[in-house]
Amino acid sequence: MDKLMLTSTLVLLLLFTECGAQQDVCGQTKANTRIVGGVEALPGDWPWQVSLHSSGNHFCGASLISRQWLLSAAHCFPRVIPVTAYLGRQSQEGSNPNEERREITEIINHPNYLPDTFDNDVALLKLSSPVSFTDFIVPVCLAAQDSTFFSGTESWVTGWGRIGAGVPLPSPQNLMEVEVPVVGNRQCNCDLNPKATVTDNMICAGLRDGGKDSCQGDSGGPMVSRQGSQWVLSGVVSFGIGCARPKMPGVYARVSRYQEWISNHTSGTTLPGFVTFTSEGTDPDLQVSCAGPVPSSMSVPTTSTGTSEPFCGRAPLNDRLSGSGTASARAGMWPWMASLHQNGRHVCGGSLVAEDSVLTSAECVMRSSTPSEWTVFLGRVRQNGSNRFETAMSVINITSSTQSGSNVAVLKLASRAPLSDFIQPICIESGQTFATGSTCWAAGWSAGRGGEEQALQEVQTSLVDCGNASSTNICTQNLTLDQEDNGGPLMCRLSNGWFQVAVLGTGSSNPRQTEGQTMVFPKVSLFNEFLRQILGDFLSATDSDPESNSAPSALLSQLLVVGMALHVILMLLLRH
């Protein structure tokens, strides 16, 4: 019994010593005296910075918090992917003699993470084996739950992200650092309302004049503040409205809110070092009051016009001026998207084209034209999972066009849709010109895409020449469409809003695919007479200019992308 007690005591002593060593070593850097608007960091200045790679490319940052655990952002991991972590890295292209590589064997997203709002945007990552601490690999201290970071607290953000909206980090892609002050949550909510809501689980930072900020590629990385000889992790890079815009602070997950969760999941190993960070004086944020009401932590941002005839083609949360590939769309990205359910099952897509009307393919309603069998979901992102901004609408009437060949259908809703940033009507193409080379998008739900949640998928395409059929058809590069995508919109943007130029999958023989992988869709304008009989006058686009209804050429579109990038509202843009 005495030997057993002695052994137990020694084990406890070793554990205590190890935990104490972690507390002592965290947040220590060698010769550190001191992203958008930032400068290159020196090797060893930020030894907890980690670069996460998938398929050979950096996609997010993370912070080393113990010998075997990293802290990052949950939005970096919408699905399970192979991840490699590089510790002690300085350059993404050059040599890194102080670097260690580890595989990630476990990813733990916070159970209350909300993708629509980025609340609880934290994730723990376990390394395949522990690392040894060096001058270039050191864990950061974590802000304890009783920490206070008053408005104005000096903070530093590091990462390999873009150095401006749409501006990649130049070669050799060395680690960047930028200093930004904390912005109190009251002020941050005033600044971001109604585009985003800042909860108690978040902390903001940025300059009132803009110019310095984290950006895409920095997600999951650290925001730290110095206290004495230790650097304390106050935030995890989460989201922002654009990058470095005036009075638009970046938003970070507030680390001090997760001490218990982090400790529970890292128990059994060397525990992270938690340090209470204390701000002196009184928080200036307590004196902040907005000109309008500050949203509560659970309020839903809305932008309803309050009129009987709202504008169409508005998407305040959409940043799709450029981009590529197929990906899951965020809430509000395509606010006119409708999920059509028959007897409780999603069967087709559609688009809100008036406050009380949804446009889809006639194919979709051929199975049943009984309104009571149909439900329309607006503001939906996931077919399986929560949808905070969703509204379910009953259908009272279904009418299909009757021309030869392809046809469309309109579902009349039982009431007007509650318009918000997440629910808006799209404009109907009625003779506008969309030039060859213009960038357009399609979106829809398919059982074969979007993971277990069957999230809304978006895909970019370009318009191509239809030849002699250009007056009645619109043609794009090849699109992969499934049955569940039928009825959804093909969407193109003009300077005054988003327009639906075609209905996906209209007609059993459409879209046609040519030998050159060109997709051919009937133009929506072919159905304008039918649609006006059902809808009346079409909604007008925001700031509509009757003298300018043509899409720019491909070259001009590219120039507009560059010019508008500094002015267009880039909503809730994930920073990876």
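Heads up: the structure comes first, above all this text.
No experiment lies behind these values; they were computed from the predicted model shown.

Focus on the environment of serine 328
Okay, so step 1: You can see serine 328 is positioned in strand β16 (residues 326–328).
Okay, so step 2: For serine 328 and valine 459, which are 131 residues apart along the polypeptide, the C-alpha to C-alpha distance reads 9.0 Å.
Okay, so step 3: Not counting residues up to four positions away in its chain, the partners in contact with serine 328 are Ala455, Leu456 and Gln457.

So, the environment of leucine 142
Okay, so step 1: With respect to the helices and strands, the residue leucine 142 is situated in strand β8 (residues 141–143).
Okay, so step 2: By relative accessible area, leucine 142 is classed as buried at 0%.
Okay, so step 3: As for leucine 142 and leucine 71, which are separated by 71 residues in sequence, their C-alpha atoms are 9.9 Å apart.
Okay, so step 4: Beyond its immediate stretch of four places on either side in the chain, leucine 142 contacts Ile65, Val232, Leu233, Val255, Ile262, Pro272, Gly273, Phe274 and Val275.

Examining the sheet that holds strand β20 (residues 374–378)
Okay, so step 1: Taken in spatial order, the six strands line up as β17-β18-β19-β22-β21-β20 and close into a barrel, and their pairing is antiparallel. Across the sheet, the mean angle from the axis of one strand to that of its neighbour is 40°, orientation sign disregarded.
Okay, so step 2: In terms of strand pairing, β20 meets strand β21 (residues 391–400) through four bridges, oriented antiparallel. Among the inter-strand pairings, threonine 375 is bridged to a residue of β21, identified as serine 394.
Okay, so step 3: On the sheet, helix α5 (residues 528–535) packs against β18 (345–354), β19 (357–361), β21 and β22 (408–413) and is oriented at approximately 10° with respect to β22.

Re the pattern of salt bridges
Okay, so step 1: This model, assessed by the stated rule, comprises eight salt bridges.
Okay, so step 2: Across the pair arginine 416 and glutamate 355 runs a salt bridge, and its minimum N-O distance is 3.8 Å. In this pair, arginine 416 is assigned in the loop between β22 and β23 (427–428) and glutamate 355 in the loop between β18 and β19, connecting sequence segments 61 residues apart.

A short note on the sheet that holds strand β4 (residues 69–72)
Okay, so step 1: Around the barrel, which closes on itself, the six strands sit in the order β2-β3-β4-β7-β6-β5 with antiparallel pairing between neighbours. When strand polarity is set aside, the average angle formed by the axes of neighbouring strands in this sheet is 40°.
Okay, so step 2: Lying over the sheet, helix α3 (residues 259–266) contacts β4, β6 (100–109) and β7 (123–127), oriented at roughly 25° with respect to β7.

Regarding the pairing of strand β13 (residues 230–240)
Okay, so step 1: Extensive coverage of β13 is indicated by the burial of 11 of its 11 residues.
Okay, so step 2: As defined by bridge partners, β8 adjoins β13 across two bridges and the pair is classed as parallel. What sits directly across from leucine 142, in β13, is leucine 233.
Okay, so step 3: The pairing of strand β12 (residues 222–227) with β13 spans six bridges and is antiparallel. When the sheet's bridge partners are listed, valine 224 is paired in β13 with leucine 233.
Okay, so step 4: Hairpin connection from β12 to β13: two residues lie between these consecutive antiparallel strands, with glycine 228 at a positive phi of about 65°.
Okay, so step 5: The sheet contact formed by β13 and strand β14 (residues 250–254) spans four bridges and is antiparallel. Directly across from valine 236, in β14, lies its bridge partner alanine 253.

Observations concerning unusual backbone geometry
Okay, so step 1: A cis amide bond links asparagine 193 with the next residue in sequence, proline 194, at an omega value of 5°.
Okay, so step 2: By the element assignment, proline 194 lies in the loop between α2 (185–192) and β11 (202–205).
Okay, so step 3: Of note in the backbone geometry, glutamine 173 takes a positive phi value of approximately 60° without being a glycine.
Okay, so step 4: With respect to the helices and strands, glutamine 173 occurs in the loop between β9 (154–159) and β10 (176–183).

Description of the pairing of β12
Regular strands place side chains that alternate from one sheet face to the opposite one.
Okay, so step 1: Relative to β12, β9 runs antiparallel, the two sharing two bridges. Bridged to valine 157 within β12 is methionine 223.

Quick word on the packing of aromatic side chains
Okay, so step 1: One pass over the full model with this rule turns up 12 aromatic pairs.
Okay, so step 2: An angle of 75° between the planes, with centres 5.0 Å apart, marks the rings of tryptophan 46 and tryptophan 231 as edge-to-face. Taken together, the residues tryptophan 46 in the loop between β1 (39–40) and β2 (49–54) and tryptophan 231 in strand β13 connect sequence positions 185 residues apart. Each member of the pair, tryptophan 46 as well as tryptophan 231, carries the same accessibility label: buried.
Okay, so step 3: The interplanar angle of 10° and the centroid separation of 4.5 Å between the aromatic rings of phenylalanine 149 and phenylalanine 277 together place this pair among those described as stacked.

Remarks on the side chain of glutamate 429
Okay, so step 1: Within the secondary structure, glutamate 429 is located in the loop between β23 and β24 (439–444).
Okay, so step 2: No salt bridge is formed by the buried glutamate 429. Its closest oppositely charged neighbour is lysine 523, at 5.3 Å.
Okay, so step 3: Polar side-chain contacts of glutamate 429 include one of 3.0 Å to the backbone nitrogen of glycine 431.
Okay, so step 4: Filtering out sequence-adjacent residues up to four positions away, glutamate 429 remains in contact with Phe434, Phe499, Gln500, Val501, Lys523, Val524, Ser525 and Asn528.

A closer look at the nonpolar core
Okay, so step 1: If you look at the biggest cluster of nonpolar residues, it comprises 60 residues, and the most contacted ones within it are Leu52, Leu64, Leu70, Leu71 and Ile262.
Okay, so step 2: Listed in part, the 46 residues of the second largest apolar core include Met337, Trp445, Trp498 and Leu535.

Considerations on the state of the cysteines
Note: disulfide means a covalent bond formed between the sulfur atoms of two cysteine side chains.
Okay, so step 1: Tallying each qualifying case throughout the model produces seven disulfides.
Okay, so step 2: Residue cysteine 188 pairs covalently with cysteine 204 via a disulfide, S to S 2.1 Å. Judged by the sign of its S-S torsion, about -85°, the cystine formed by cysteine 188 and cysteine 204 is left-handed. Note that cysteine 188 is positioned in helix α2 and cysteine 204 in strand β11, a separation of 16 residues in sequence.
Okay, so step 3: Take cysteine 188: its relative accessible area is 0%, and that puts it in the buried class.
Okay, so step 4: With relative accessibility at 0%, the residue cysteine 204 sits in the buried group.
Okay, so step 5: Paired through a disulfide, cysteine 466 and cysteine 475 show a sulfur-sulfur distance of 1.9 Å.

Definitions and limits used
- Residues numbered from 1 in each chain as written.
- Predicted model: local features only at pLDDT ≥ 70, side-chain atom pairs only at ≥ 80, totals over all residues.
- Heavy atoms only, no water.
- Helix = DSSP H or I, 4+ residues; strand = E, 2+ residues; numbered from the N terminus.
- Contact = heavy atoms within 4.5 Å.
- Buried < 20%, exposed > 50% of the residue type's maximum accessible area, 1.4 Å probe, protein only.
- Pairing = 2+ DSSP bridges.
- Axes fitted to C-alpha atoms, helices over the stretch in contact; angles between N-to-C directions.
- Salt bridge = Lys/Arg side-chain N within 4 Å of Asp/Glu carboxyl O.
- Phe/Tyr/Trp six-rings, centres within 6.5 Å; stacked < 30°, edge-to-face > 60°.
- Lys, Arg positive; Asp, Glu negative; His and termini not counted.
- Polar contact = N/O pair within 3.5 Å; in protein donor to acceptor, adjacent residues only side chain to side chain.
- Core = buried A, V, L, I, M, F, W, Y, C linked by side-chain atoms within 4.5 Å.
- Disulfide = S-S within 2.5 Å.

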